Number of protein chains: 4
Amino acid sequence: MKKIIIGVMGPGEGATKKDQNNAYQLGKLIAQQGWVLLTGGRNVGVMQSAMAGAKSINGLTVGILPDQDLTKMSSLVDIPIITDLGNARNNLNVLSSDIIVACGIGLGTVSEIALALKNSKKVILLTDHELAIKFFQSLTKAHLFIANFPEEVLKIIKDFNDH
Amino acid sequence: MKKIIIGVMGPGEGATKKDQNNAYQLGKLIAQQGWVLLTGGRNVGVMQSAMAGAKSINGLTVGILPDQDLTKMSSLVDIPIITDLGNARNNLNVLSSDIIVACGIGLGTVSEIALALKNSKKVILLTDHELAIKFFQSLTKAHLFIANFPEEVLKIIKDFNDH
Amino acid sequence: MKKIIIGVMGPGEGATKKDQNNAYQLGKLIAQQGWVLLTGGRNVGVMQSAMAGAKSINGLTVGILPDQDLTKMSSLVDIPIITDLGNARNNLNVLSSDIIVACGIGLGTVSEIALALKNSKKVILLTDHELAIKFFQSLTKAHLFIANFPEEVLKIIKDFNDH
Amino acid sequence: MKKIIIGVMGPGEGATKKDQNNAYQLGKLIAQQGWVLLTGGRNVGVMQSAMAGAKSINGLTVGILPDQDLTKMSSLVDIPIITDLGNARNNLNVLSSDIIVACGIGLGTVSEIALALKNSKKVILLTDHELAIKFFQSLTKAHLFIANFPEEVLKIIKDFNDH
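Residues numbered from 1 in each chain as written. Chains lettered and ligands numbered in written order. Predicted model: local features only at pLDDT ≥ 70, side-chain atom pairs only at ≥ 80, totals over all residues. Heavy atoms only, no water.

Visitor: Go over the overall build of chain A, please, and point to the residues and values.
Guide: For chain A, the count of helices and strands is 6 helices and 7 strands. Expected size for 163 residues packed as a compact globule is a radius of gyration near 15 Å; at 14 Å, chain A falls within 12% of this value. The burial tally for chain A puts 63% of its 163 residues in the buried class. Pairs at least 24 apart in sequence give 57% of the contacts found in chain A among residues at least 6 apart. For chain A, the accessible area works out to roughly 5,800 Å², and carbon and sulfur atoms hold 49% of it. Positive and negative side-chain charges in chain A, numbering 16 and 14 respectively, have mean positions lying 3 Å apart. (Helix = DSSP H or I, 4+ residues; strand = E, 2+ residues; numbered from the N terminus. Rg over C-alpha atoms; globule rule 2.2 N^0.38 Å. Buried < 20%, exposed > 50% of the residue type's maximum accessible area, 1.4 Å probe, protein only. Contact = heavy atoms within 4.5 Å. Areas by Shrake-Rupley, 256 points an atom, 1.4 Å probe, with all protein chains shown as cover. Lys, Arg positive; Asp, Glu negative; His and termini not counted. Charge placed at Lys NZ, Arg CZ, Asp CG, Glu CD.)

Visitor: Let's hear about the confidence of the model for chain A: which residues, and what values?
Guide: For chain A, the average pLDDT comes to 97, and 99% of its residues sit at 70 or higher. Reported confidence for the predicted complex is 0.97 by ipTM and 0.97 by pTM. (pLDDT = per-residue confidence, 0-100.)

Visitor: Kindly report on the relation of the copies chain A and chain C, identifying the contributing residues and their values.
Guide: The two copies are related by a screw motion: chain A maps onto chain C through a turn of 180° and a shift of 0.0 Å along the axis, at an RMSD of 0.0 Å. Read as a symmetry element, the transformation amounts to a two-fold axis. If distances are taken from each C-alpha of chain A to the rotation axis, the shortest is found for isoleucine 81 of chain A, at 4.3 Å. Of all interface residues in chain A, 100% are interface residues in chain C too; the two copies therefore contact each other through one and the same surface. (Least-squares fit on C-alpha atoms with pLDDT ≥ 70 in both.)

Visitor: Break down the packing of helix H5 (residues 130–139) of chain C against helix H5 (residues 130–139) of chain D for me, citing the residues and quoting the values.
Guide: The relative placement of two packed helices comes down to the angle between their axes together with the axis-to-axis distance. Between H5 of chain C and H5 of chain D, whose axes approach to 10 Å, the crossing angle comes to 145°. Seen from above, H5 of chain C lies across H5 of chain D with left-handed handedness. Every residue of H5 of chain D that contacts H5 of chain C at Leu131, Ala132, Lys134, Phe135, Phe136 and Ser138 of chain C is listed here: Leu131, Ala132, Lys134, Phe135, Phe136 and Ser138 of chain D. Residue composition of the contact of H5 of chain C with H5 of chain D, grouped by class: 8 nonpolar, 2 polar and 2 charged. (Axes fitted to C-alpha atoms, helices over the stretch in contact; angles between N-to-C directions. Left-handed = near helix turned anticlockwise from the far one by under 90°. Nonpolar A, V, L, I, M, F, W, Y, C, P; charged D, E, K, R; others polar.)

Visitor: Residues and numbers for the packing of aromatic side chains, please.
Guide: All chains considered together, the criterion is met by 14 aromatic pairs over all chains. With a centroid separation of 5.9 Å and 70° between ring planes, the pair formed by phenylalanine 135 of chain A and phenylalanine 136 of chain B is classed as edge-to-face. Placement of the pair is phenylalanine 135 of chain A in helix H5 (residues 130–139) and phenylalanine 136 of chain B in helix H5 (residues 130–139), with the two residues belonging to separate chains. Here the two residues phenylalanine 135 of chain A and phenylalanine 136 of chain B agree in accessibility, since each one is buried. The interplanar angle of 55° and the centroid separation of 5.3 Å between the aromatic rings of phenylalanine 135 of chain D and phenylalanine 136 of chain D together place this pair among those described as tilted. Assessed through its relative accessible area of 0%, phenylalanine 135 of chain D is described here as buried. By the ring-pair criterion, three or more aromatic residues cluster together here, those being Phe135 and Phe136 of chain A together with Phe135 and Phe136 of chain B. (Phe/Tyr/Trp six-rings, centres within 6.5 Å; stacked < 30°, edge-to-face > 60°.)

Visitor: Just give me the short version of the relation of the copies chain C and chain D, but keep the residues and values in it.
Guide: The transformation that overlays chain C on chain D combines an axial shift of 0.0 Å with a rotation of 180°, and the residual RMSD is 0.0 Å. The overlap is high: 100% of the interface residues of chain C also sit at the interface in chain D, so the same surface is used on both sides.

Visitor: Report on the sheet that holds strand E4 (residues 79–82) of chain A, specifying residues and quantitative values.
Guide: Residues and elements named next belong to chain A. Overall, parallel pairing links the 7 strands, which are arranged E4-E3-E2-E1-E5-E6-E7 in an open sheet. Pairing within the sheet leaves two strands with one partner each, and these edge strands are E4 and strand E7 (144–147). In this sheet, neighbouring strand axes are inclined to one another by 25° on average, regardless of whether the strands run parallel or antiparallel. Two elements, strand E3 (residues 61–65) and E4, share 4 bridges in a ladder whose sense is parallel. Of the residues in E4, the one forming a bridge with glycine 63 is proline 80. (Pairing = 2+ DSSP bridges.)

Visitor: Explain the packing of helix H1 (residues 17–32) of chain C against helix H2 (residues 45–56) of chain C to me, and be specific about the residues and the numbers.
Guide: Residues and elements named next belong to chain C. At a minimum axis separation of 6 Å, H1 and H2 run at an interaxial angle of 35°. H1 and H2 meet at a crossing whose hand is right-handed. Along the contact surface, H1 presents Asp19, Gln20, Ala23, Tyr24, Gly27, Lys28 and Ala31, while H2 presents Gly45, Val46, Ser49, Ala50, Ala52, Gly53, Ala54 and Ser56.

Visitor: Explain the side chain of arginine 89 of chain B to me, and be specific about the residues and the numbers.
Guide: Residue and element names in this part refer to chain B. Checked against the element boundaries, arginine 89 lands in the loop between strand E4 (79–82) and helix H3 (90–95). Although arginine 89 is buried, it makes no salt bridge; glutamate 112 carries the closest opposite charge, 4.9 Å away. Other than its neighbours up to four places away in sequence, arginine 89 contacts Gly40, Met47, Ile64, Leu65, Pro66 and Thr83. (Salt bridge = Lys/Arg side-chain N within 4 Å of Asp/Glu carboxyl O.)

Visitor: So what's going on with the interface of chain A and chain C? Which residues, and what values?
Guide: Contact with chain A, which involves 24 residues of that partner, is made by 24 residues of chain C. Summed over both sides, the interface of chain A with chain C buries roughly 2,000 Å², with 66% coming from carbon and sulfur. Applying the counting criterion to the chain A and chain C interface returns 0 salt bridges. Our count for the chain A to chain C interface comes out at 8 residue pairs in polar contact (both at pLDDT 80 or more). For the side of chain A that touches chain C, the element with the most residues is E4 of chain A, which contributes 4 residues. For the side of chain A that touches chain C, the per-class residue count stands at 14 nonpolar, 5 polar and 5 charged. (Buried area = accessible area lost by both parts, 1.4 Å probe. Polar contact = N/O pair within 3.5 Å; in protein donor to acceptor, adjacent residues only side chain to side chain.)

Visitor: An account of the nonpolar core is requested, with residue identities and associated values reported.
Guide: Counting 116 residues, the largest nonpolar core has Phe136 of chain A, Phe136 of chain B, Phe136 of chain C together with Phe136 of chain D as the members making the most contacts within it. In contact with phenylalanine 136 of chain A, not counting residues within four places along its chain, are Val110, Ile113, Ala114, Leu117 and Leu144 of chain A together with Val110 and Phe135 of chain B. (Core = buried A, V, L, I, M, F, W, Y, C linked by side-chain atoms within 4.5 Å.)

And the structure:
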């Protein structure tokens, strides 16, 4: 039976310390619920930190890899999906997640937020990038949620399920 | 020999009258240079208007279609590329264009601007959406250019070639 | 840590009774080893039977879906990857599997065998389609293995690991 | 208005001299009709020879490239579509062609023939690989045509248009 899959997206090489700490907490909180964590699967930034959080309590991780270069794959991925699609794989990240959390902002993340909203997927922004929040709110109010810390992300997701 | 290909991206159903007028002018100016116009190939919004401009003076148009539903394809496409990739095709729009012009702002366009900048492609924003301009400028200065009207887009592209 | 993923490919609507029985046994044998079963995720044919076998003993199943039409998705998929890539997703099936088993022959399966061999992936043919066997053997000897029943597939896979 | 697009598929590095001669003739015959030639765009084998034939009389060529490595791109491509999809791009070759000609047989070509037939696209096999012909005929009779030399391919295509 289909498991609940939460996608955590965010910068790779450009992730801040705060993004990485948030990602670790998110990964852990997601795994605590018995949900599957989905990321871009690479061994850097938000992807790596979120998976480290999930694996710290033995959660299940899916990584949607852009290419066949396995030296860039995180060893924390349980189920690697090797797409060889380059950045076109961003659309798969989004479509395969029940809910998308953007943990920090980078160019790849922006493409994922936009593709998610275009597909009417629920997106939770966890960032203090005020301009990003204002910008996406100017494009759509529907499906867009703002959180200030990882526990608030969990609360928002649980509220979805209650309705 | 490889032709110069200019991609004009922009909203479909959500395009404003101004976006469409700009797109028409852009398509015409691109065709006047003997360049190929590349769009998302559908028969609405900026895609349709840009191709109408190009075809008004017999330019060559390439449309990168998201699906196999040919009723949504513009009759102004000379060379349709049927990807059946959904929105993942946005990455192909960007990679196949020498220069990307974002004519107006929508969720799909945002994904294309972000993917283009991530791939170090030159992007010219032709929009009065101030927040969009500020937002993308906050993410990167490199490869990002701002124009206020179609002729200015042409001037920017020609300046690239002179350097 | 990366799990071992075995891809079972085969006809959907066109699967024979024998293909489906083989697929069920394969799915069960794969799950018994603690390996993950990967299929095309739809609720018909070899995909559905293989997943039924795996789930009969509580194995883990990944389905790489071609589109967003969830009415065609099998309820036996634990982790659906929604690609929206149409048949282009066949390449992902192949790249994401450590070993590919072709259980029966159909046009989609032929594309997957060919893509797998082109990517130097090990492919095991479980079919009595003599012409298919001869044809693929005429194209390459490397990476191509022939089995006559599901237990033989397992034996071949285990032999790989011993070398 | 949509141009007629004929896809010529065939081996790259593994093309025989005969395949290449046939491809050259095919490219020329296609261009003589004013049709667009579509290939995989690389500078080897059947792709390169077909484009050389088309360009010998100034035909228009579209190349659907698998990756961003432009050193592998043929200089005979007029309109390169940079997919960065790896072999998943084979499905785009097929969907974007009105008719597919398989000129010789290789693993990539086999995937394209199979994907084309699965999509109910007309496929013309130009090869003396008897086993390949028999194999595909065993899978489907519909949409599959056999030619022995390039002029016969043209005749078959023209017969389609007459009906």
